[in-house]
Amino acid sequence: KELEAKITQLEQSEKVNSKRDRQLEEATAAVDRLEQELRAAKQQGGELDTLRQQLDNATKETAVAQRAAERSSLAAQQLQKQLKEQESSAEQKASVKQSASQQELARLQAKVQEHQQEVGELKRQLDQEKKQAEDQKRAAARAAAGKQD
């Protein structure tokens, strides 16, 4: 969930960067237009001060938009770095858990094998005791048959 949040945040940051890039382009286009108007005004002897003020404002707006775009870009880079670190951390945790699970599985398999050996030994003993009981029963039956004669 954290990774999804970071990805969403990164996508939003990219949208903001895209918007700021468009603003930067628009502001740059505005600066270019104002420069053309300024040249025309000089040629015509028009209102030079007004155009200079407009150009200064556009230049300031361009600088502000550029700084904002740089901040957004840095924030996006930081988010990407954090996302990569979290992915790496998650992969490491998963690897550790998998290793622990494999060790636990091996331990349990060894216990199962040990219990299977114990069961086999108990079966063998039981079979041996049954055989002895049968032998004793037969011997007792023979002895009883011998006494009856």
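Residues numbered from 1 in each chain as written. Predicted model: local features only at pLDDT ≥ 70, side-chain atom pairs only at ≥ 80, totals over all residues. Heavy atoms only, no water.

(A) A look at the pattern of salt bridges. Within this structure, the stated rule accounts for 4 salt bridges. The residue Asp135 makes a salt bridge to Arg138 at a minimum N-O spacing of 3.1 Å. One end of the pair is Asp135 and the other is Arg138, both in helix α2 (residues 48-148) and 3 residues apart, which spans about a single turn. Using a relative accessible area of 44% as the deciding quantity, one classes Arg138 as partly exposed. (Salt bridge = Lys/Arg side-chain N within 4 Å of Asp/Glu carboxyl O. Helix = DSSP H or I, 4+ residues; strand = E, 2+ residues; numbered from the N terminus. Buried < 20%, exposed > 50% of the residue type's maximum accessible area, 1.4 Å probe, protein only.)

(B) Just the nonpolar core, in detail. The biggest cluster of nonpolar side chains holds 5 residues, and these are Val31, Leu34, Leu38, Leu55 and Ala58. At the level of secondary structure, the elements contributing two or more residues to this core comprise α1 (2-44) and α2. Here the element with the most residues in this core is α1; it accounts for 3 residues. When residues no more than four places from it in sequence are discounted, the contact partners of Val31 are Leu55, Ala58, Thr59 and Thr62. (Core = buried A, V, L, I, M, F, W, Y, C linked by side-chain atoms within 4.5 Å. Contact = heavy atoms within 4.5 Å.)

(C) Fine view of the side chain of Lys6. Tracing the backbone shows Lys6 in helix α1. Glu2 provides the closest opposite charge to the buried, salt-bridge-free Lys6, at an N-O distance of 6.0 Å. The residues contacting Lys6, other than those within four sequence positions of it, are Leu79, Gln82, Leu83 and Gln86. (Lys, Arg positive; Asp, Glu negative; His and termini not counted.)

(D) The environment of Leu24, seen in detail. The residue Leu24 is located in helix α1 in this model. Between the C-alpha atoms of Leu24 and Gln117, which are 93 residues apart in sequence, the distance is 78 Å. Beyond its immediate sequence surroundings of up to four residues, Leu24 is in contact with Thr62, Ala65 and Gln66.

(E) Region of interest: the environment of Leu3. One can find Leu3 in helix α1. Residue classification places Leu3 among the partly exposed residues on the basis of a relative accessible area of 27%. Considering only alpha carbons, one finds Leu3 and Gln82, 79 residues apart in sequence, at a separation of 9.3 Å. If near-sequence neighbours (up to four positions away) are discounted, Leu3 is found in contact with Leu83, Gln86 and Glu87.

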